[in-house]
Amino acid sequence: MEVVIAATEELARLGAGTIEKLLRSRPDAVLGLATGSSPLPIYDELVRLHVEEGLSFAQARAFTLDEYVGLPADHPERYRNVIEHEITGRVDFASGAVHGPDGLAADLAAACAAYDDAITEAGGVDLQILGIGTDGHIGFNEPGSSLASPTRIKTLTEQTRADNARFFGDDIDQVPQHCLTQGLATIMAARHIVLIATGRTKANAVHQLVEGPVSAMWPATILQHHPHVTVLIDNAAAGRLQLADYYRSTYAAKPGWQGL
Ligand code: F6R
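Calculation notes
Residues numbered from 1 in each chain as written. Predicted model: local features only at pLDDT ≥ 70, side-chain atom pairs only at ≥ 80, totals over all residues. Heavy atoms only, no water. Helix = DSSP H or I, 4+ residues; strand = E, 2+ residues; numbered from the N terminus. Areas by Shrake-Rupley, 256 points an atom, 1.4 Å probe, with all protein chains shown as cover. Lys, Arg positive; Asp, Glu negative; His and termini not counted. Charge placed at Lys NZ, Arg CZ, Asp CG, Glu CD. Near = heavy atom within 4 Å. Polar contact = N/O pair within 3.5 Å; in protein donor to acceptor, adjacent residues only side chain to side chain. Nonpolar A, V, L, I, M, F, W, Y, C, P; charged D, E, K, R; others polar. Buried < 20%, exposed > 50% of the residue type's maximum accessible area, 1.4 Å probe, protein only. Contact = heavy atoms within 4.5 Å. Pairing = 2+ DSSP bridges. Axes fitted to C-alpha atoms, helices over the stretch in contact; angles between N-to-C directions. Salt bridge = Lys/Arg side-chain N within 4 Å of Asp/Glu carboxyl O. Phe/Tyr/Trp six-rings, centres within 6.5 Å; stacked < 30°, edge-to-face > 60°.

Participant: I'm lost on the overall build of the chain in this one. Help?
Facilitator: A tally of regular secondary structure across the chain gives eight helices and 10 strands. Projecting the C-alpha coordinates of the chain onto the three principal axes gives extents of approximately 55 × 40 × 35 Å. Put simply, the chain shows about 11200 Å² of open surface, and 52% of that area lies on carbon and sulfur atoms. The chain carries 19 positive and 32 negative side-chain charges, and their two centres are separated by 5 Å.

Participant: Looking at this model, I keep getting lost on the site of the ligand. Mind explaining?
Facilitator: Taken together, 14 residues lie around the ligand, and Thr 35, Ser 38, Asp 66, His 137 and Gly 139 are the ones closest in. Contacts to the ligand include Ser 37, whose backbone N or O atom sits 2.8 Å from an oxygen atom. When the ligand sits alone it has 410 Å² of accessible area, and the protein chains cover 94% of it. The residue makeup of the shell around the ligand, split by class, is three nonpolar, eight polar and three charged.

Participant: Would you take a moment to explain the side chain of Thr 160 for this structure?
Facilitator: Position of Thr 160 relative to the elements: it lies in helix α5 (residues 158-164). By relative accessible area, which is 1% here, Thr 160 ends up buried. Polar side-chain contacts of Thr 160 include one of 3.1 Å to the side chain of Thr 157. With residues near it in sequence (within four places) discarded, Thr 160 still touches Asp 135, His 137, Phe 140 and Glu 142.

Participant: What's the story with the sheet that holds strand β8 (residues 178-181) in this structure? I'm lost.
Facilitator: In a beta sheet, neighbouring strands are held together by backbone hydrogen bonds and run either parallel or antiparallel to one another. With antiparallel pairing, three strands are arranged side by side in an open sheet as β4-β8-β7. Across the chains shown, the open sheet's two edge strands, defined by having one partner strand only, are β4 (66-68) and β7 (152-155). Taken over all neighbouring pairs, the strand axes of this sheet differ in orientation by 30° on average, direction set aside. Relative to β8, β4 runs antiparallel, the two sharing three bridges.

Participant: Would you mind going over the environment of Gly 259 with me for this structure?
Facilitator: Note that Gly 259 resides in the segment after α8 (244-252). Once you skip the residues sitting within four places of it in the chain, Gly 259 turns out to touch Glu 2, Lys 21 and Lys 254.

Participant: I'm lost on the pattern of salt bridges in this one. Help?
Facilitator: Oppositely charged side chains can form a pair if their charged atoms are brought close together. In total, this model carries 13 salt bridges according to the counting rule given. The salt bridge involving Lys 254 is made with Glu 2; its shortest N-O contact spans 2.6 Å. Of the two residues, Lys 254 is situated in the segment after α8 and Glu 2 in strand β1 (residues 2-5); the sequence distance between them amounts to 252 residues. With a closest N to O distance of 3.2 Å, Arg 161 and Glu 158 form a salt bridge. Taken together, the residues span about one helical turn, with Arg 161 and Glu 158 both in helix α5 at a distance of three residues.

Participant: When you look at helix α7 (residues 203-211) in this model, what are you seeing that I'm missing?
Facilitator: Counting buried residues along α7, seven of its nine residues qualify, which places the element largely inside the surrounding structure. Looking at the buried residues of α7, the elements they touch are β1, β9 (192-197), β10 (229-233) and α8.

Participant: How should I be thinking about the sheet that holds strand β6 (residues 127-130) in this particular structure?
Facilitator: Reading across the sheet, the seven strands line up as β1-β10-β9-β6-β2-β3-β5 and stay open at both edges, with parallel pairing between neighbours. Only two strands of the sheet have a single partner each, and these edge strands are β1 and β5 (98-99). Summarising the sheet, strand β2 (residues 30-33) and β6 pair through two bridges and their orientation is parallel. Paired with Leu 31 across the strands is Leu 127, a residue of β6.

Participant: I'm lost on the packing of aromatic side chains in this one. Help?
Facilitator: Given two aromatic rings, one states the distance between the centres and the angle between the planes to describe the pair. Inspection of the entire model under this criterion finds seven aromatic pairs. Here the aromatic rings of Tyr 68 and Tyr 79 are separated by 4.8 Å at their centres, their planes lie at 50°, and the arrangement is tilted. Pair noted here: Tyr 68 is in strand β4 and Tyr 79 is in helix α3 (residues 79-86), with a separation of 11 residues, a long-range link. Residue classification places Tyr 68 among the buried residues on the basis of a relative accessible area of 1%. The buried category is assigned to Tyr 79, whose relative accessible area is 7%.

Take a look at the structure:
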């Protein structure tokens, strides 16, 4: 696990630069996209690279992490709509190239199984962008999630619903109780995982992710078992790391050719 502690603009450049490098060498790469606030600086930088430097997504495909159950198709917080608004509709993905779990499916369990099959059939995710919840979730794999879970239906914790109420007019009752989420096994199958976290509220979850024992109580800790994870954090999110100085010096001394 590589930990990079830097200012948000630098984190955005690193995250977007990793996607750029992949797409310039493999234009038909499969991307994994997260919603939420954390990846937005990366998405803005990707849009800049698309507009100003010709980075194309025309042959790429993308799979999103999760979706609320039951939000109407035109609801602005439905993750399909959010991801289109934040990134995929701002670049040149081909129509039908961006996929998400179907939170309006009549048979939700079948939709989850079909989603995992679709990712496998696409050849798997080359690069997965992740955020992390204050309770240590990735995707919507809440504490207690099986560390080997496939895509499935989950019940959101009160903590997550409170955290996300800001997107629903600060009214927790408007935040759905259920979601579909890529499972931890689904996420772990991605070839490279880039997790971005900023702000003091993420400091404990980041500490657990990087330095805690692997436990279903902090689902993100499963990433310690992944061979290629990059954790991009600002100083505030790094605030509880015991080895912060070591991560800083390691990154400062890293040879430029090595890449993330
Ligand atoms: C979003 C997702 C979640 C968020 C997490 C952090 O698709 O899967 O795990 O990444 O809740 O959200 P923000 O970035 O809004 O703090």
